[in-house]
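Chains, contacts and geometry: an overview
Here are the chains, one letter per residue:
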Amino acid sequence: MRWVVVDAPLDSSGRGRGEQRAPAALRDAGLLAATGADDGGEIDAWMRDPTRDPESGLIGAAAVRRAGAAIAARVGELLAAGRRPLVLGGDCAILPGICGALPPATELWFVDGHPDFYDGVTSETGEGADMDLSVVTGHGPAAAVGVDGPLLDPARVHLLGHRPATEESSRREAARIDPRIHQLPAAELRRRGPGATGAALAGGGDGPAWLHLDLDAVDPRDLPAVTYPEPDGLRWPDLVDLVTPLARAGRLLGMSVTDLNSDEDPDGRHARRVVEVLAEVLAP
Ligand SMILES: [Mn+2]
């Protein structure tokens, strides 16, 4: 099935960081031609409000909800038409909007350098991209989506490629993670073998699945152009081995790619590398 590229240029800091220019950077680097994807246009997911909402602890709470509703509407429209969306962030704050369009029994393959499991209180930044996995599994803040309760079943979520918590704040984050979520940190994933892990997940069920790739899962030696680089990540070849069977799974509804920060990529070399990798893993 052909992919449909849709831009969701949401930067949940509200400060206009390079994540919101990533969809344009990836298009300039030749994403559509390299993947043979159709052009699904841009979702109005821009956010220009750096104010932290005292109630929810979330930056730009109303703007995040509005962007989420727009993302859910567009992704839902494509899925209803039998298309397979490739959603380009922006940062991980696009995830709740996407999950709002998925059947509740969808499996989530969440590849990320961080668990994204803060809430409005424990997050130091207040950015929605600190809390997306927490939000979609019903651990809040609900203000990010406007609904209480989970969008997906935590027992069907696989958190892959994150690094161990080192600082006090990230230890508090790790302690919040719903115990029903399957966790495979980067070191353990390398031990088991990224290719075998991807193949086992892809073939491990027959229900619908969504693949979410935060590019900070990749080691900063290979991809430094992210806002919150985290050492000891997957090298590019490991990431390709993991993601290829997932991206080619027949039951995959779609994929999201987040967190390329084009401010950190002035000559576009990292955008071009991301396009090469996507072309490789999405090749039919
Ligand atoms: Mn993330």
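As a starting point, this report considers the structure included with it. (Residues numbered from 1 in each chain as written. Predicted model: local features only at pLDDT ≥ 70, side-chain atom pairs only at ≥ 80, totals over all residues. Heavy atoms only, no water.)

Glancing now at the overall build of the chain. When helices and strands are tallied, the chain shows ten helices and eight strands. A globule of 284 residues ought to have a C-alpha radius of gyration of about 19 Å, and the chain, at 17 Å, matches this closely. Over its C-alpha atoms, taken along the principal directions, the chain stretches across nearly 45 × 40 × 40 Å. A sequence separation of at least 24 residues applies to 77% of the contacts in the chain between residues at least 6 apart. Here the chain displays about 10800 Å² of accessible surface, and carbon together with sulfur accounts for 53% of that area. (Helix = DSSP H or I, 4+ residues; strand = E, 2+ residues; numbered from the N terminus. Rg over C-alpha atoms; globule rule 2.2 N^0.38 Å. Contact = heavy atoms within 4.5 Å. Areas by Shrake-Rupley, 256 points an atom, 1.4 Å probe, with all protein chains shown as cover.)

Another aspect to go through is the coordination of the manganese ion. Here the manganese ion is held by the protein donor atoms C92 (SG), D112 (OD), D116 (OD) and D214 (OD), which lie 2.0 to 2.5 Å from it. Read in sequence order, the donor residues coordinating the manganese ion give the pattern C-x19-D-x3-D-x97-D. One end of the pair, C92, is in the loop between β3 (84–89) and α4 (95–99); the other, D112, is in the loop between β4 (107–111) and α5 (132–136), with 20 residues separating them in the sequence. Among the residues examined, C92 registers a relative accessible area of 0% and is labelled buried. What makes D112 buried here is its relative accessible area of 0%. (Donors = N, O, S within 2.8 Å, 3.2 Å for Na, K, Ca; no water. Buried < 20%, exposed > 50% of the residue type's maximum accessible area, 1.4 Å probe, protein only.)

Before going further, it helps to examine the environment of L260. With respect to the helices and strands, L260 occurs in the loop between β8 (252–258) and α10 (269–282). Look at L260 and you get buried, because its relative accessible area is 2%. The spatial distance from the C-alpha of L260 to the C-alpha of A225 is 6.1 Å, given a sequence separation of 35 residues. Apart from the residues within four sequence positions on either side, L260 is in contact with G18, E19, A22, L26, L215, L223, A225, H270, A271 and V274.

Tallying each qualifying case throughout the model produces zero aromatic pairs. Between R84 and the ring centre of W3, over which it is positioned, the NZ or CZ distance is 5.2 Å. (Phe/Tyr/Trp six-rings, centres within 6.5 Å; stacked < 30°, edge-to-face > 60°. Lys NZ or Arg CZ within 6 Å of the ring centre and 35° of its normal.)

What follows is about the pattern of salt bridges. According to the stated counting rule, one finds 22 salt bridges in the structure shown. With a shortest N-O distance of 2.8 Å, R273 and E276 are connected by a salt bridge. Remark: E276 and R273 occur in helix α10; sequence separation between them is three residues, near one turn of the helix. For E276, a relative accessible area of 48% corresponds to the partly exposed category. Taken together, the salt bridges that share partners define one network made up of D11, R17, E19 and E127. (Salt bridge = Lys/Arg side-chain N within 4 Å of Asp/Glu carboxyl O.)

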